[in-house]
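Each chain, written out:
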Amino acid sequence: MVLLGPPGAGKGTQARMLREVANVPQVASGDLLRAAVRTKTPLGVAAAGYMDRGDLVPDELVLNLIEERLNAPDAQAGFILDGFPRSVKQAEALRAILVRSRGAGLDRVIALTVPDEEIVRRISGRRTCRKCGAMYHVTFEPPRVNGVCDKCGGELYQREDDSEETVRNRLKIYDSTTRPLLDYYGKSGILALIDGTGKPEQVESRVQTALAGILPLPPRKKVQKPSVRPAGK
Ligand code: AMP
């Protein structure tokens, strides 16, 4: 399945919650790219500038990364894509990859909807620890001491791509390039639009309702059957 939505809509949070229930990996293009930037692979070096500005990384860099990840053994029973595809062209490439490798398409696309101003509030308040990567929010999840990580004492900073200016650029790109995917997947009848506002658990329960029939059911409690029929029946 695919989780769609603007940056800050909660795709990562929902994907992490869902992967526990569905027992399939979360495949987040942003995380794959950030790992490549951190380890300074040639792909990471080429992608870094686009990411800092909040622009999309060119398809030829992203597609190989995704295909390789989807072909890994742990993704064979299924996967939750988060942050990919981000354009109709990427969606068509994904379809080709899936048909080629497993002869089947996507089961469901969940699109999280959140108003722009709420997104700017969510992302521009994010702070990340330089040392351990833990995330905080100045209003919704502040650290005990301003600017200091609760977990390791590291310095908290605002990621380049979390500044208000970059968030607004990312929202513009979402509108022009990613939003058309709602039409694309809407036509194939696998799209569910989900209200992404409120607490993560509230959104999770809406998402799970939309995935009824796809997610494995929780194990049923065993009911002890009487071994003999009651008298008279
Ligand atoms: P994310 O963590 O999903 O918000 O992604 C962070 C950044 O990585 C984005 O602002 C883009 O620069 C880049 N990125 C992530 N996914 C894609 C994608 N599917 N296509 C192009 N660029 C991407």
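Up top is the structure.
Quick caveat, the model's predicted, so the values are computed rather than measured. (Residues numbered from 1 in each chain as written. Predicted model: local features only at pLDDT ≥ 70, side-chain atom pairs only at ≥ 80, totals over all residues. Heavy atoms only, no water.)

Chemist: Could you clarify how one ought to interpret the overall build of the protein in this entry?
Modeler: Per the secondary structure count, the protein includes nine helices and eight strands. The C-alpha extent of the protein, read off along each of the three principal axes, is 75 × 50 × 35 Å. Residues classed as buried in the protein amount to 41% of the 233 residues present. For the protein, the share of sequence-separated contacts (at least 6 apart) that also reach a separation of at least 24 residues comes to 68%. Here the protein has roughly 13600 Å² of accessible surface; of this, 53% comes from carbon and sulfur atoms. Seen as two clouds, the 36 positive and the 28 negative side-chain charges of the protein have centres 8 Å apart. (Helix = DSSP H or I, 4+ residues; strand = E, 2+ residues; numbered from the N terminus. Buried < 20%, exposed > 50% of the residue type's maximum accessible area, 1.4 Å probe, protein only. Contact = heavy atoms within 4.5 Å. Areas by Shrake-Rupley, 256 points an atom, 1.4 Å probe, with all protein chains shown as cover. Lys, Arg positive; Asp, Glu negative; His and termini not counted. Charge placed at Lys NZ, Arg CZ, Asp CG, Glu CD.)

Chemist: Is there a simple way to think about the packing of helix α1 (residues 11-22) against helix α9 (residues 200-210) in this case?
Modeler: Helix packing for two helices is described by the angle between their axes and how far apart those axes are. It is the contact of α1 with α9, at a shortest axis distance of 10 Å, that shows an interaxial angle of 55°. Overall, the two elements α1 and α9 adopt an arrangement that is oblique. Crossing handedness for the pair α1 and α9: right-handed. Residues T13, Q14, M17, L18 and V21 of α1 lie in contact with α9, whose contacting residues are P200, E201, V203, E204, V207 and Q208. The residue makeup of the contact of α1 with α9, split by class, is six nonpolar, three polar and two charged. (Axes fitted to C-alpha atoms, helices over the stretch in contact; angles between N-to-C directions. Parallel < 35°, antiparallel > 145°, perpendicular 65-115°, else oblique. Left-handed = near helix turned anticlockwise from the far one by under 90°. Nonpolar A, V, L, I, M, F, W, Y, C, P; charged D, E, K, R; others polar.)

Chemist: What's the story with the site of the ligand in this structure? I'm lost.
Modeler: What surrounds the ligand is a group of 14 residues, the closest being S29, D55, R86, Q90 and R170. With respect to the ligand, the backbone of V57 contributes an N or O atom lying 3.0 Å from a nitrogen atom. Take Q90: an N or O atom from its side chain is 2.9 Å from a nitrogen atom of the ligand. Across the complex, the protein chains shield 93% of the 480 Å² of accessible surface that the ligand would expose by itself. The residue makeup of the shell around the ligand, split by class, is six nonpolar, four polar and four charged. (Near = heavy atom within 4 Å. Polar contact = N/O pair within 3.5 Å; in protein donor to acceptor, adjacent residues only side chain to side chain.)

Chemist: Can you help me understand the sheet that holds strand β8 (residues 191-195) in this one?
Modeler: The strands making up a sheet are joined through hydrogen bonds of the backbone, oriented either antiparallel or parallel. If you trace the five strands from one edge of the open sheet to the other, you get β2-β3-β1-β4-β8, paired in parallel fashion. The open sheet has two edge strands, β2 (26-28) and β8, and neither has a second partner. Adjacent strand axes in the sheet meet at a mean angle of 25° when their direction is disregarded. Two elements, strand β4 (residues 109-113) and β8, share five bridges in a ladder whose sense is parallel. Bridge pairing in β8 places I110 opposite A192. The strands that α1 touches are β1 (2-4), β2, β3 (80-82) and β4; relative to β3, the one it contacts most, it runs at about 165°. (Pairing = 2+ DSSP bridges.)

Chemist: Hey, could you run me through the side chain of R126 in this one?
Modeler: Within the secondary structure, R126 sits in strand β5 (residues 126-129). One polar contact links R126 to D162, side chain to side chain, over a distance of 3.3 Å. In this view, R126 contacts G8, M135, Y136, H137, Y157, Q158, R159 and D162; residues no more than four positions away in its chain are not counted.

Chemist: What is the right way to read the sheet that holds strand β7 (residues 156-157) from this model?
Modeler: On the basis of which strands lie adjacent, the open sheet formed by three strands has the order β6-β5-β7 and antiparallel pairing. Two strands bound the open sheet, and with one partner strand each, they are β6 (135-137) and β7. Relative to β5, helix α6 (residues 116-124) is tilted by about 25°, and along the sheet it contacts β5 and β6.

Chemist: Help me understand the pattern of salt bridges, please; the structure alone is not making it clear to me.
Modeler: Note on pairing: side chains with opposite charge can pair once their charged atoms come close. The full count for this structure, using the stated rule, is 19 salt bridges. Among the salt bridges present, the one from E20 reaches R19, with a minimum N-O distance of 3.7 Å. The network of salt bridges with common partners includes R126, R159, D161, D162 and R170. (Salt bridge = Lys/Arg side-chain N within 4 Å of Asp/Glu carboxyl O.)

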